[in-house]
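Structural overview
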Amino acid sequence: MGERPQVRRGRIVLAGALTVVMVLVVGGAAYWRGWFTDPSVADPPQVDPAGLETVLTGLAAPWGVAFLPDGSALVTERDSGRLLRVAGNLSGEVTRVPGVVAGGEGGLLGVAVADSYPEDGWIYLYHTAEEDNRIVRTTLEGGTPEPVLTGIPKARTHNGGRIAFGPDGMLYVGTGDAGDRNSSQDRDSLAGKILRLTPEGRPAPGNPFGDSPVYSYGHRNVQGLAWDSTGALFAAEFGQNRYDELNRVVPGGNHGWPEVEGDSDDDRYVRPVATWATHEASPSGIAIVDDTVYVACLRGQRLYRIGTDGQGAESLLTGEHGRLRHVEPAPDGSLWVLTNNSDGRGAPGPDDDRILRLEL
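A word on the packing of aromatic side chains. Any pair of aromatic rings gets described here by the distance separating the centres and the angle formed by the planes. What the rule picks out here adds up to 6 aromatic pairs. Ring geometry for F67 versus W336: centroids 4.8 Å apart, planes at 70°, classification edge-to-face. With F67 in strand β3 (residues 62-67) and W336 in strand β24 (residues 335-339), this residue pair connects regions lying 269 residues apart in the sequence. Both rings, one in W276 and one in Y304, keep their centres 5.2 Å apart while their planes meet at 35°; by these two values the pair is tilted. Here the residue W276 occupies a position in strand β18 (residues 274-277), and Y304 occupies one in strand β21 (residues 302-307), the gap between them amounting to 28 residues. Judged by relative accessible area, Y304 falls into the buried class, the value being 1%. Among the aromatic residues, those joined into a cluster by ring pairs are Y172, Y215 and W227.

Here it is, written out as structure tokens:
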């Protein structure tokens, strides 16, 4: 006689459960491996900058900064949609960018100026709109912005937002997964990627996947882009539970998310240069000066200084000025740092938010 039905069903359920467990263990091995190793950076020495002063106070959630050839700076405010021009310790509104829809981590985010600015006057902006995240360009005279790239997925969180022109004259874009983890591994999606575009918004010549803007993939939320003296691109990336990352970006490389958070010995994924515990970092903007990387941290409330090889980490400004959103090299050799205590997650003081100037 055959087995009784209830026994057979029980064995089927047990076999199914074991199969699910095996899939999680084997398929997720690369991800879970990271939970059993420590971040590469922990308890670095605290150092003081050579000099520190406040450039400007009273800003509302500043997000991006880019310098013009005359030494003045353009600064974006995420929630107000204002683009400001800062000269000395004075600021003035260039425009309130039309079409900005602020909410959560979205709003007016990155700003970039190309080397061609003296000829064409274009200012590039990344912002959240009604249906998407997008890149537009405008001029100091304002007017209706011209779309450069549209259709980048948006959400309350993980909107990416950093844009920067590389040494090759192309526009690089850090996007987030917009809460859809699997989109980071989908090369047909603009989410969870670093994109490389011409200034007009087309896929840049020489991109790794043909006529695609995708330069690298497998990212969770990229908000820092900078280049070293060799032309190598580095990116800061928010982790989820345990590790934040500094990555040396490989063209066409799969940087792992969501299969990997932090380091992995799986050679399908690019290994990060450095990792931090999420409560000690939450890295947003980065800058590279003399092949040293500076990482502005939100939750960690500090500015890390670390070699491009991931060695020699130091911590500056730890806990002194609250959340730090971005760091940018200034024409005079200093660094400008944006605080972000009024972004809804900080504790703003009477002068927040501020632009700080650090002498190196």
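To summarise the sheet geometry, strands pair through backbone hydrogen bonds and adopt either a parallel or an antiparallel arrangement. What the 4 strands build is an open sheet, ordered β2-β25-β24-β23; its pairing is antiparallel. What marks the edges here is a single partner per strand, and that holds for β2 (51-56) and β23 (324-329). Along the sheet, successive strands turn relative to each other by an average axial angle of 25°, direction set aside. Note that β24 and strand β25 (residues 355-359) share 4 bridges and pair antiparallel. The residue of β25 that forms the bridge with L338 is I355.

Spatially, the 4 strands line up as an open sheet ordered β11-β12-β13-β14, and their pairing is antiparallel. Because the sheet does not close on itself, it has two edges, and the strands there are β11 (163-165) and β14 (214-217). The mean inter-strand angle of the sheet, taken between neighbouring strand axes irrespective of direction, is 20°. Of the pairings in the sheet, the one linking strand β13 (residues 193-197) to β14 comprises 3 bridges and is antiparallel in character. Paired with I194 across the bridge in β14 is S216.

Further remarks concern the environment of D267. With respect to the element layout, D267 can be found in the loop between β17 (243-248) and β18. By relative accessible area, which is 75% here, D267 ends up exposed.

Of note, T275 is situated in strand β18. Contacts of T275, omitting those with residues within four sequence positions, involve P39, S40, V41, Y243, D244, E245, G262 and D263.

When strand β4 (residues 73-77) meets strand β5 (residues 82-87), the two strands line up antiparallel, connected through 4 bridges. Bridge pairing links L74 to R85 in β5. Linking β4 back to β5 in an antiparallel pair, the connection comprises 4 residues, with G81 at a positive phi of about 75°. In this structure, β5 lies alongside strand β6 (residues 90-96), joined through 6 bridges in antiparallel fashion. The residue bridging R85 from the neighbouring strand is G92, located in β6. Joining the antiparallel neighbours β5 and β6 is a turn of 2 residues, in which G88 adopts a positive phi near 65°.

Let us now look at unusual backbone geometry. At the junction of W257 and P258, the peptide bond is cis and its omega measures out at 0° in the coordinates. Of note, the amide linkage connecting D352 to D353 takes the cis form, showing an omega dihedral of -5°. Its identity is not glycine, yet D291 carries a phi of approximately 60°, on the positive side. Considering the arrangement of structural elements, one finds D291 in the loop between β19 (283-289) and β20 (292-297). On the basis of relative accessible area, D291 is assigned to the partly exposed category, the value being 30%. Of note, Q301 is a non-glycine position whose phi angle comes to about 50°, a positive value. Within the secondary structure layout, Q301 lies in the loop between β20 and β21. Residue Q301 is classed as partly exposed on the basis of its relative accessible area, which comes to 30%.

Quick look at the pairing of strand β9 (residues 133-138) now. Of all 6 residues making up β9, 5 are buried, and the element is well covered by its neighbours. The pairing of strand β8 (residues 123-128) with β9 spans 6 bridges and is classified as antiparallel. Pairing of Y124 across the sheet is with R137, part of β9. Here β8 hands over to β9 after 4 residues, the two strands then running antiparallel side by side. Here 4 bridges tie β9 to strand β10 (residues 146-152), and the two strands are oriented antiparallel to one another. From the neighbouring strand, N133 faces β10, where its bridge partner is I152.

The rules behind these values
- Residues numbered from 1 in each chain as written.
- Predicted model: local features only at pLDDT ≥ 70, side-chain atom pairs only at ≥ 80, totals over all residues.
- Heavy atoms only, no water.
- Phe/Tyr/Trp six-rings, centres within 6.5 Å; stacked < 30°, edge-to-face > 60°.
- Helix = DSSP H or I, 4+ residues; strand = E, 2+ residues; numbered from the N terminus.
- Buried < 20%, exposed > 50% of the residue type's maximum accessible area, 1.4 Å probe, protein only.
- Pairing = 2+ DSSP bridges.
- Axes fitted to C-alpha atoms, helices over the stretch in contact; angles between N-to-C directions.
- Contact = heavy atoms within 4.5 Å.

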